[in-house]
Amino acid sequence: MTIFETLPNEILIEIFEYFNGFDIFLSFNQLNSRLNHLIRTIPIHLNFQHIHKTLFDQFCLLIQSNSSIKQQISSLILSNKDTCGQIDLFLSNFSLKDFPILRSLTFIQIEQQNINQIKSILPFLVNLQTFRLLDLYDLTNEHNEIISLLPLSNLRYLSISSLTFIKSQSNLTYLTVSGCTLDQLFYQFFEHIPLLKYLKIENIYKASHSIKNHHCSIYHRAFHLKQMIINNYEYLFDEFEIFVQLLPNLQQLTISALDNLCMIDAQRWEVLIKSSLKILRTFQFIFGLYCRGQLFYTFDQLNNRFSQLIRRIPLQLNLQHVQKHLFDEFCLQLSFYPEIKQQIHSLYLSNRDSTGQIERFLTSFPLQDFSHLQFLTLTDIDQANHLQLTSMLPLASSLRSFCMSHTDYDHEILTILPMSNLQQLSILSFHSIQTRINDTLNITKLTILSCLMDDLFYHLFDYFPQMQYLHHHYIRDLQAFQNEFWWKEHQWYVEYSSEKYLAEVYTIPYPSRTMQINLNTKRYPGKIVSNVFDQVKYVTLNHEVVNENCQYYFSKIHTLELLLHRSNVLQPMKIEDLRRIVNLNCLKHLNISQYGRMLTCEFMFDLLKQSVNLSWITINPEDFLILLKDDELCQDLNRIIRKMDILKYGHPSFKTSEDMRKFCAFFSNIEQLTCYVMEPNDVFTFLNHLTKLSTIDVCFPATMNYEPFVELFDEQSQKFNYTYRVESMNPTKLSMWIGKRMK
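Residues numbered from 1 in each chain as written. Predicted model: local features only at pLDDT ≥ 70, side-chain atom pairs only at ≥ 80, totals over all residues. Heavy atoms only, no water.

Draft legend 1. Structural context of the overall build of the protein chain. When helices and strands are counted, the protein chain shows 27 helices and 29 strands. Of the contacts formed within the protein chain by residues at least 6 apart in sequence, a portion of 67% connects residues at least 24 apart. (Helix = DSSP H or I, 4+ residues; strand = E, 2+ residues; numbered from the N terminus. Contact = heavy atoms within 4.5 Å.)

Have a look at this one:
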């Protein structure tokens, strides 16, 4: 007798609460009479998400042979995600009306053929307390039909895509919604759900009209709402201020607005918290701004304070490919608000696809009016522009960067270009600059369209990436979140970061599960706090940030993606530097599909030694075929990797049948595979040789006619025990969920 068997029933029942229902039965059924009886007296929670089809089949057979198990099932999760056809299989074999104590029901990625199955049984599940409909794609109308049939009398927990169905009274206390507008929440929503305690919304997207403050007094308040989570907020701060007046007892607020400048206002938040959120205890946020120089579209729609804030921002103005009506609109705004000229630090004008754009702009707004202009780019300069620039350019002495292309006047323009402060220059030929070679001492980055090999000995040729552009005007607004109101009065610790085109301010710990660290990303901590990024599970790192000076550490990482953006990177990554940033012991998924030529067998060997829990790799086909040549590395990968994505659309994962044969020979332990093949028959190569395969997603060329193979897939489905789905997309995609092979 084991120690486990000596434990009292009360302890065993508590332990079983942490087990999936099918694990309990497949592990303890018929083990001994005591356990056999005990597992038939407890509520069963069944979660079929990510289950192997073999286990799914076994448990379904067990239920069919022991119908009393239906009386125990209190919670059920069915999913088509990575297990295609699962919902149809289960609902075709069992009626949920026969599960009398079912209280919680979840469907993930329902298919069209599931709609009628669900609609037929849902009205009878009057005892449901929890219902979740997750990852719904292109089935909006069907979603509303399903929800309209849902019995609400006992329902307390609900997770759905939209709010359109909630038009009658309910006793819901927990609600999760994929997307809605603020006015859907504002107008009568809380009247229908008066007992709501928890509300999570993935996306509050902007509607065509605004919420007005004078309406607030006539709408119902959510007196019971204690916690609210908003993962993407698109409205203005004004409207959020109005909305929170309906939430007088809110204690926990989490909000993210990554491209919403008006939310970056610490003083305004302080006033709002003191006036309308008086009992707020937990406040987590991420606010950010992408700098695109396109904020002029909404000047006339903003309140006075927001307009003032925008007019302090240094603008990057790129008018290339801009439609004429937008160009005219901006020029009109620039005429009405001439002070905007002092904000423009970067200007891009082009005659390409916009005939006469440069002349129209410079006629209305001479370059000397832009006193802070530092970056100027002109393409397709014509004769009229040359005459304009002859008088304007000599006065533009503050320019730090000048770029031009597709013009016959490069030599003439360079003759008059002031170079005293110029650091970056892009020209057509080396010959154009030779007459000014003595004036180029400050130029550190030079791009030339063409030149002779001998000219490279001047050591001036240095291709440069897009310019960095983020100035201290942002920083003052971000620093305001680090005063005593935040860290002393409320113990809300805040830091901010900046990179090329993004500034972020966020509470600690960082509230999001995902983060990307790019070149030149820099942190600005307030108070020193540990475990800043403990909640982050999915991390993307640029190759060049992996060094001993990196300011980030991710202790509980699940997925790591490595990127290589620049082609001139020569130094390989050191595994020691990566360990300073990432806790490799926790790593489960490695995405190196965009890591390119920096991927080496030596790097992979070192990484595998450190990543004891790694089981999933995503990789580019070209890079994988390089690794496939190293037998020892393939053996190590086969030892730990169970899931592999070898996919680049339009590129076969295997160049030859020999590559495919070698893959099947080396990677016999693969359970999940995603790849791109040229022939549907290749699928049966995998099925015949990869005996542990549980799921497979295969892409084919969109031009291929797969219809003749559908009959073959049907014929072989019983032999290989799989369900499959074919999606006619670009490319065509085949998904299979595979069980134990039939004899």
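What follows picks up the thread again.
Draft legend 2. How the structure looks around helix α14 (residues 324-336). Taking 1.5 Å of rise per residue, 13 residues should cover 18 Å, and α14 covers 18 Å from first to last C-alpha, within 8% of that figure. Within the sequence span of α14, burial applies to F327, F330, C331, Q333 and L334. Axial view of α14: buried residues confined to an arc of 160°, hence all on one face. Facing away from the buried side of α14 by more than 90 degrees, the exposed set consists of K324 and F336. (Expected span 1.5 Å × (residues − 1). Buried < 20%, exposed > 50% of the residue type's maximum accessible area, 1.4 Å probe, protein only. Arc of directions from axis to C-beta.)

Draft legend 3. Here's a closer look at the pattern of salt bridges. In total, this model carries 15 salt bridges according to the counting rule given. In this structure, E270 and K274 form a salt bridge, with 3.1 Å as the shortest nitrogen-oxygen distance. One end of the pair is E270 and the other is K274, both in helix α12 (residues 266-275) and four residues apart, which spans about a single turn. Linked through salt bridges whose partners overlap, the residues forming this network are D238, E241 and R268. (Salt bridge = Lys/Arg side-chain N within 4 Å of Asp/Glu carboxyl O.)

Draft legend 4. Here's a closer look at the packing of aromatic side chains. Considering all chains together, one arrives at 55 aromatic pairs under this definition. Taken together, a centroid distance of 4.5 Å and an interplanar angle of 10° make the contact between Y157 and Y174 stacked. A residue pair is termed long-range when its members are at least 10 positions apart, and Y157 in strand β5 (residues 157-160) and Y174 in strand β6 (residues 174-180) qualify at 17 residues. The exposure class of Y157 is partly exposed, given its relative accessible area of 38%. (Phe/Tyr/Trp six-rings, centres within 6.5 Å; stacked < 30°, edge-to-face > 60°.)

Draft legend 5. Representation of the packing of helix α25 (residues 657-666) against helix α26 (residues 682-689) in the model. Where α25 contacts α26, the axes come no closer than 10 Å and their chain directions differ by 25°. Between α25 and α26, the crossing angle belongs to the class labelled roughly parallel. Here the hand of the crossing between α25 and α26 comes out right-handed. Within the contact between the two elements, α25 uses M660, F663 and C664 and α26 uses D682, T685, F686 and H689. (Axes fitted to C-alpha atoms, helices over the stretch in contact; angles between N-to-C directions. Parallel < 35°, antiparallel > 145°, perpendicular 65-115°, else oblique. Left-handed = near helix turned anticlockwise from the far one by under 90°.)

Draft legend 6. Representation of the side chain of Q72 in the model. Mapped onto the secondary structure, Q72 falls in the loop between α5 (53-65) and β2 (73-79). If sequence neighbours within four positions are ignored, Q72 has contacts with F25, I39, R40, T41, I42, P43, I44 and I101.

Draft legend 7. Region of the structure containing the nonpolar core. Within the largest apolar cluster, 109 residues are counted, with the highest numbers of intra-cluster contacts made by F90, F107, F131 and W269. Looking at this core element by element, the count peaks at five residues for α5. The next biggest cluster of nonpolar side chains, apart from the first, holds 79 residues, and it includes M573, I581, L687 and M704. (Core = buried A, V, L, I, M, F, W, Y, C linked by side-chain atoms within 4.5 Å.)

Draft legend 8. Focus on α26. Listed in full, the buried residues belonging to α26 are D682, V683, F684, F686 and L687. Next to the buried residues of α26 lie α25, β26 (672-676), β27 (695-700), α27 (707-720), β28 (722-727) and β29 (732-738).

Draft legend 9. Representation of the state of the cysteines within the structure. Under the criterion given, the structure shown has zero disulfides. In this model C601 remains outside any disulfide bridge; the closest cysteine sulfur is found in C634, 8.0 Å from its own. (Disulfide = S-S within 2.5 Å.)

Draft legend 10. Expanded view of the sheet that holds β27. Strand order across the open sheet formed by ten strands is β19-β21-β22-β23-β24-β25-β26-β27-β29-β28, with mixed pairing between neighbours. Of all strands in the sheet, those with a lone pairing partner are β19 (514-517) and β28, marking the two edges. Across the sheet, the axes of successive neighbouring strands diverge by a mean angle of 10°, strand direction being ignored. (Pairing = 2+ DSSP bridges.)

Draft legend 11. Main features of the environment of P680. Along the chain, P680 falls in the loop between β26 and α26. With relative accessibility at 1%, the residue P680 sits in the buried group. Along the sequence, P680 and L734 sit 54 residues apart, while their C-alpha atoms lie 9.0 Å from each other. Setting aside anything within four residues of it in sequence, one finds P680 in contact with F700, M704, F709 and F713.

Draft legend 12. Structural detail: the side chain of T173. Among the structural elements, T173 can be located in the loop between β5 and β6. The class of T173 is buried, set by a relative accessible area of 12%. If sequence neighbours within four positions are ignored, T173 has contacts with R156, L195, L196, K197 and Y198.

Draft legend 13. Molecular detail of the pairing of strand β11 (residues 315-318). As paired strands, β11 and strand β12 (residues 344-350) are joined by four bridges and run parallel to one another. Looking across to β12, one finds that Q316 is bridged to S346. Note that the unit made of β11, α14 and β12 has a crossover that is right-handed. (Right-handed = clockwise from strand over helix to strand, strands pointing away.)

Draft legend 14. How the structure looks around the packing of helix α3 (residues 21-28) against α5. With their axes 10 Å apart at the nearest point, α3 and α5 run at an angle of 75° to one another. Of the possible angle classes, the one that applies to α3 and α5 is roughly perpendicular. Each of G21, F22, F25 and L26 in α3 lies in contact with α5, whose residues at this interface are L55, Q58, F59 and L62.

Draft legend 15. Region of interest: the confidence of the model for the protein chain. Across the protein chain, pLDDT averages 84, with 88% of residues at or above 70. Averaged pLDDT values for the elements of the protein chain fall to 49 in helix α13 (residues 304-310) and rise to 98 in strand β8 (residues 227-230). Within the model, the stretch residues 292-307 combines pLDDT values under 50 with 29 contacts to residues more than four positions away or in other chains. Throughout residues 451-474 the model reports pLDDT below 50, and contacts reaching past four residues in sequence, or to other chains, amount to 55 contacts. (pLDDT = per-residue confidence, 0-100.)

Draft legend 16. Looking closely at the pairing of β19. In β19, alternate side chains face the same way, and those of M515 and I517 are buried while those of T514 and Q516 on the opposite face are not. Summarising the sheet, β19 and strand β21 (residues 538-542) pair through four bridges and their orientation is parallel. What sits directly across from I517, in β21, is L541.

Draft legend 17. Geometry of unusual backbone geometry. P509 follows I508 through a cis peptide bond whose omega is 0°. Mapped onto the secondary structure, P509 falls in the loop between β18 (502-507) and β19. With a phi close to 65°, H50 is a non-glycine residue in the positive phi region. With respect to the helices and strands, H50 occurs in the loop between β1 (44-47) and α5. Even without a glycine there, the phi angle at Q109 is positive, about 55°. Tracing the sequence through the fold places Q109 in the loop between β3 (104-108) and α7 (115-121).

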